[in-house]
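Listed below, chain by chain, are the residues.
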Amino acid sequence: MEVGLGQNQTIIKVGVVLDLNTTFSKICLTSMNMSLSDFYEDHPSYRTRITLHVRDSMEDTVQASAAAALDLIKNEQVNAIIGPKSSTQAEFMIRLANKTQVPTITFSATSPLLTSIRSPYFVRATVNDSSQVKAIADIVKSFGWRSVVAITVDNELGEAFMPFLSDALQNVEVNKSAIPPEATDDLIQEELLKLMKRQTRVFVVHMESSLAFRIFKKAREIGMMEEGYVWLITNEMTHMMRHIDHGHSLKTIEGVLGVKSHVPKSKELEDFGLRWKRSFKKENPRDELNIFALWAYDSITALAMAVERTNLNSSCYDNGSATSKYMTGLGNVGVSPYGPSLQKALWEVSFKGLAGDFNLTNGQLESPKFEIINFVGNEERVLGFWTPSNGLVNADSNKAKLGPVIWPGKSNIDPKGWEIPGKKLIVGLPVKRGFLNFVEIIRDPITNKTTAKGYAIDIFEAALKKLSYSVIPEYVSLDSPHEYTSLVYQVYNKKWDAVVGDLTITANRSLYVDFTLPYTESGVSMMVPVRDNDNKNTWVFLEPWSLGLWVTTGCFLVLIGFVVWLFEHRINTDFRGPPDHQIGTSCWFSFSTMVFANREKVVSNLARFVMVVWCFVMFVLTQSYAANLTSFLTVQRFHPAATTVNDLIKNGDYVGYQGGTFVKDILLDLGFHINQLKPYYAADEALTLFSKGKSKGIAAVFDEVAYLNAIISQSCSKYAMVEPTFKTAGFGFAFPKNSPLTGDISKAILNVTQGAEMKEIENRWFGKKNDCPDPKTDLTSNSLSLSSLWGLFLIAGTASFLALLVFVVLFLKEHRHTLCDESGSSLWRKLKVLSRIFDEKDFKSHTFKNNSVHNVSSPLTDYYIRSPSTVQIIPRPPSLSLNREFELRRLSSTQSEEWFTMQPIYHEDGESDIECVVEDKIF
């Protein structure tokens with residue numbers, strides 16, 4: 001086709017390869033012709049004109065690539081090729097274009113596989129399928145679906161899409177169902193029925209729209225378009241489903257979600273749509289314009305702009321054979337001389353097209369904005385948008401959650417994304433020879449139906465009852481006892497939906513299945529016999545404290561007694577008397593604080609401060625002693641026969657383990673010889689081995705804590721668990737990888753184990769444990785050491801030191817005149833005076849001034865006045881009353897008379913003292 005050809009204008013040949021018998025190709029070809037007309041009408045001065053040379057690919061891959069494209073390159077020597085329709089057809093054409101350096105532009109081949117060819121002459125003027133997988137992943141994650149099935153076409157289109165979808169759906173199980181492009185309705189139905197038997201109810205469909213429409217029709221017939229199902233279709237189908245069956249197809253896919261590239265509204269698009277209808281719908285009134293026709297329009301515009309920027313003086317290929325009329329043979333195919341420059345110009349083209357901004361990045365359109373569509377009736381409701389920068393955004397707000405969805409079956413309740421087929425869960429059980437209180441299988445000999453009971457079964461069924469939906473377990477088992485790892489493989493191979501029982505959670509098993517949260521205590525421990533050691537230790541009352549703690553406590557008792565005596569003996573008669581009496585009183589006072597039985601009162605604030613701190617220390621010490629002594633008198637009356645693994649290995653003792661478990665490997669790793677290990681399969685067998693003694697039986701048992709608890713519950717007074725404990729994760733239930741039941745059952749297990757129901761289940765299968773010592777109690781518990789309580793002594797010592805420092809400072813300040821006396825006395829004499837003063841009563845203290853006066857048998861006759869310089873005996877004046885102040889005189893060193901006020905003070909015992917204040921000195 002030639003448009004508006006003028007003088008001095010260069011003709012540029014462009015090949016077009018389409019399936020001309022399809023409505024899709026007719027629509028796109030009409031758009032391309034309109035694009036040429038519009039472009040050159042707007043740019044009449046351009047020196048180049050494109051002419052389209054159309055070839056029919058006849059909907060055949062070989063015909064499109066080997067015949068049509070080769071004919072255009074060899075015989076027409078086109079400068080560029082547009083097309084073909086499908087990704088399968090485009091692959092060979094791109095390789096051919098790379099060889100001949102002829103740019104190939106596609107507006108409908110979306111497979112990511114084409115990018116891997118890495119041809120610089122391939123231009124994708126459409127959206128790559130890989131650009132939408134993140135939008136799909138965000139939709140799946142926003143609803144919390146943990147498993148999806150990707151239904152794809154079984155060709156390059158589907159195979160190239162799957163790796164990108166799997167990478168985007170991290171932490172989500174992705175299963176694949178491939179439908180051949182030529183599949184019959186029976187084959188489609190057979191595949192859909194297989195999918196119905198799976199738990200997953202979320203399906204992502206990626207294929208040609210015509211095949212997808214047949215799948216949806218069959219899915220609706222067999223009941224897969226009802227409530228609970230989720231269908232999500234990709235970009236091409238979302239655009240094209242309206243054009244199938246003349247629009248009636250939308251009722252078939254009602255409730256389906258779709259990802260759709262966003263086409264911004266514009267006046268140019270509106271005008272083009274009206275002109276396109278006038279041009280095309282005269283002969284095809286029921287057909288509609290689609291986005292691929294818009295991309296075809298923009299592709300011609302981009303190519304016309306690129307050729308104008310390229311210097312095209314000749315249309316001859318290098319080494320080409322323009323005269324050949326054969327459409328076979330690649331050996332003499334020429335190379336376009338303008339391919340590199342035209343390719344560069346194409347990559348640099350940028351404009352606002354009908355489908356949006358036309359910008360190429362590495363030869364592809366940039367990832368567009370996607371709409372999230374919900375098909376409701378004959379309408380396409382926009383729920384939200386997705387962009388690479390912002391992710392999902394609600395259409396009516398900025399929230400990440402999509403708007404309300406109408407799901408299949410016209411339901412407005414968000415599907416949970418999975419459902420148990422037939423509402424029954426195939427649950428595998430271990431066949432056990434012992435420990436039947438965990439799992440016991442019961443088979444009805446008439447119906448051959450399997451039922452089960454036990455501790456694990458009760459917890460599992462209690463958890464099922466707490467689910468918000470109904471799950472009916474159907475129990476099955478293998479014919480004979482097997483190792484537990486083989487049970488895990490039954491779930492991994494899809495034979496069972498779950499395994500329930502005393503199944504230990506291990507790292508190796510977690511590679512194949514998902515486990516729920518554990519419902520038992522974790523760890524592998526050692527159980528040994530215990531012997532009664534009651535009343536065999538006369539000095540057991542000393543064991544709660546270590547020797548260092550006893551010595552330190554005794555030293556601090558003496559220290560506190562001494563500190564209190566320093567503060568009290570000058571002002572408190574309880575702490576006065578002969579030296580032996582004062583020592584005894586101080587020690588008695590300090591030691592009686594251990595039981596808070598001291599009767600002596602303390603009157604100084606410093607002593608009270610020290611005693612407050614010390615009483616707190618003694619309270620902690622006595623309570624710690626009482627608690628530890630109780631432990632020694634009760635728990636330690638059971639003494640373990642063996643306490644360490646090293647003792648067992650060194651002595652060559654036999655030890656037991658439960659056969660068929662991983663505990664054997666732990667024992668071998670610890671250093672036990674294989675000949676030292678004896679297996680057992682039931683609690684009674686373990687007890688029998690113990691009863692035979694060390695020589696013929698075993699000295700200890702190693703097993704998981706849950707099993708040891710079961711053994712101890714039968715004879716708790718004879719056996720106990722001791723350290724060490726080896727870390728394990730406990731018992732759990734196994735489900736397939738990414739099964740939604742795993743999380744729901746885990747939450748239900750928490751509700752069961754943290755409620756009162758758990759206690760009832762434990763009592764039912766293991767009996768009450770009130771009369772048994774705690775099996776996890778450390779039978780070799782140590783005495784309390786000084787390192788555990790040194791902080792208390794630090795507090796007491798610091799408080800005593802500070803109080804003593806304050807006391808010394810105040811005492812020296814009060815008697816500073818004695819130290820600073822300039823009479824010529826030596827320092828030693830002054831210190832002796834201070835020591836004599838320190839040993840006497842402090843008459844200035846309120847404790848003496850406030851005492852009552854009585855029992856005075858006779859008046860005082862003489863008064864002794866002591867001073868560093870003189871001592872004089874002065875008779876009492878006859879007229880002096882005993883109850884009033886009087887004056888006495890003292891001869892100073894200068895023999896001058898000095899008069900001072902004296903105050904007689906009387907005590908309850910009849911004795912009296914006289915206080916004489918001379919220049920603040922007491923004599």
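Here the structure is a predicted model, which is why all the values come from computation and not from measurement.

K.L.:
Break down helix 19 (residues 663–670) for me, citing the residues and quoting the values.
P.N.:
Those residues of helix 19 not exposed but buried are V663, I666 and L667. Down the axis, helix 19 shows its buried residues gathered within 95 degrees of arc, on one side only. A positive phi of about 120 degrees marks G671, the residue just after helix 19.

K.L.:
Explain the sheet that holds strand 22 (residues 514–515) residue by residue, including any values.
P.N.:
Through backbone hydrogen bonds, the strands of a sheet pair up, either in parallel or in antiparallel fashion. Ordered by their spatial adjacency, five strands build an open sheet running 20-17-21-29-22, and the pairing between neighbours is mixed. The sheet is open, and its two edges are formed by strand 20 (472–477) and strand 22, each paired on a single side. Sheet topology places strand 21 (residues 498–504) next to strand 29 (residues 731–735); three bridges connect them, and they run antiparallel. In the sheet register, L503 faces strand 29, and the bridge partner there is G732. Lying over the sheet, helix 14 (residues 484–492) contacts strand 17 (424–429), strand 21 and strand 29, oriented at roughly 155 degrees with respect to strand 21.

K.L.:
Break down the sheet that holds strand 14 (residues 370–376) for me, citing the residues and quoting the values.
P.N.:
Pairing is mixed across the open sheet formed by eight strands, whose spatial order is 7-6-8-9-10-14-15-16. Unpaired on one side and paired on the other, strand 7 (173–179) and strand 16 (391–394) mark the two borders of the sheet. Adjacent strand axes in the sheet meet at a mean angle of 30 degrees, parallel and antiparallel pairs treated alike. As paired strands, strand 15 (residues 379–387) and strand 16 are joined by four bridges and run antiparallel to one another. Bridge assignment links W386 to a residue of strand 16, and that residue is L392.

K.L.:
Explain the environment of M58 to me, using residue names and the numbers behind them.
P.N.:
Here M58 lies in the loop between strand 2 (48–56) and helix 2 (61–76). Exposure remark for M58: the relative accessible area of 52% places this residue in the exposed category.

K.L.:
Any chance you could break down the pairing of strand 8 (residues 202–206) for me, citing the residues and the numbers?
P.N.:
The buried count for strand 8 comes to five of five residues, which makes it a mostly enclosed element. A two-sided burial pattern is seen for strand 8, the buried positions comprising V202, V204 and H206 on one face and F203 and V205 on the other. Both strand 6 (residues 147–153) and strand 8 contribute to a ladder of four bridges, which runs parallel. Within strand 8, the residue paired with V149 across the bridge is F203. One ladder, built from four bridges, connects strand 8 with strand 9 (residues 230–233); its direction is parallel. Pairing of V204 across the sheet is with L232, part of strand 9. What joins strand 8 to strand 9 is helix 7 (residues 209–221), and the crossover it makes is right-handed.

K.L.:
Lay out a nonpolar patch on the surface with the relevant residues and their values.
P.N.:
Where nonpolar side chains cluster on the molecular surface, the patch consists of F801, L802, L805 and V809 and spans about 390 Å² of accessible area. When you line up the elements, L802 lands in helix 25 (residues 786–814). Overall, the relative accessible area of 43% leaves L802 in the partly exposed class.

K.L.:
Give me the lowdown on unusual backbone geometry, citing residues and values where you can.
P.N.:
A cis amide bond links G83 with the next residue in sequence, P84, at an omega value of -5 degrees. Topologically, P84 is positioned in the loop between strand 3 (80–82) and helix 3 (87–100). A positive phi angle, close to 55 degrees, is found at N362, a residue other than glycine. Turning to its location among the elements, N362 is positioned in the loop between strand 12 (356–361) and strand 13 (364–365). One non-glycine residue, K410, adopts positive backbone phi at about 55 degrees. Within the secondary structure layout, K410 lies in the loop between strand 16 and strand 17. For K410, a relative accessible area of 63% gives the class exposed.

K.L.:
Which residues make up the pattern of salt bridges, and what are the values?
P.N.:
Oppositely charged side chains may form a pair once their charged atoms are brought near each other. As enumerated under the stated definition, the model contains 16 salt bridges in all. With a closest N to O distance of 3.5 Å, R95 and E91 form a salt bridge. Separated by four residues within a single helix, R95 and E91 lie in helix 3, roughly one turn from each other. Accessibility expressed as a relative area gives 47% for R95, which makes it partly exposed. Residues joined by salt bridges that share partners form a network here, namely K13, R55, D71 and E76.

Reading the values: the criteria
- Residue numbering note: each chain is counted from 1, following its sequence as written.
- For a predicted model such as this one, the threshold for reporting local features is a pLDDT of at least 70, and the threshold for listing and counting side-chain atom pairs is 80 or more; totals across whole chains, interfaces and linings nevertheless cover every residue.
- The side-chain figures draw on all heavy atoms in the structure; neither hydrogens nor water molecules are used.
- Here the term buried applies to any residue with accessible area under 20% of the maximum for its type, exposed to any over 50%, and partly exposed to those in between, with areas from a 1.4 Å probe on protein chains only.
- Put simply, DSSP marks the helices as runs of H or I at least four residues long and the strands as runs of E at least two long, and each gets a number from the N terminus on.
- The arc in question is formed by the directions pointing from the helix axis toward the C-beta atoms.
- Only when DSSP finds a minimum of two bridges between them are two strands counted as paired.
- Residue contacts are defined here by distance: any two heavy atoms, one from each residue, within 4.5 Å place the two residues in contact.
- What counts as an axis is a line fitted to C-alpha atoms, over the stretch in contact for a helix, and the angles between N-to-C directions run from 0 to 180 degrees.
- Classification remark: right-handed applies to a crossover when, strands pointing away from the viewer, the course from the first strand over the helix to the second runs clockwise.
- Exposure above 30% relative accessible area and no salt bridge define the residues that can form patches, which grow by joining like charges within 9 Å and nonpolar side chains of Val, Leu, Ile, Met, Phe, Trp and Tyr within 5 Å.
- Note on areas: Shrake-Rupley with a 1.4 Å probe; residue coverage comes only from the protein chains shown.
- Note on definitions: salt bridges are taken to be side-chain nitrogens of Lys or Arg within 4 Å of carboxyl oxygens of Asp or Glu.

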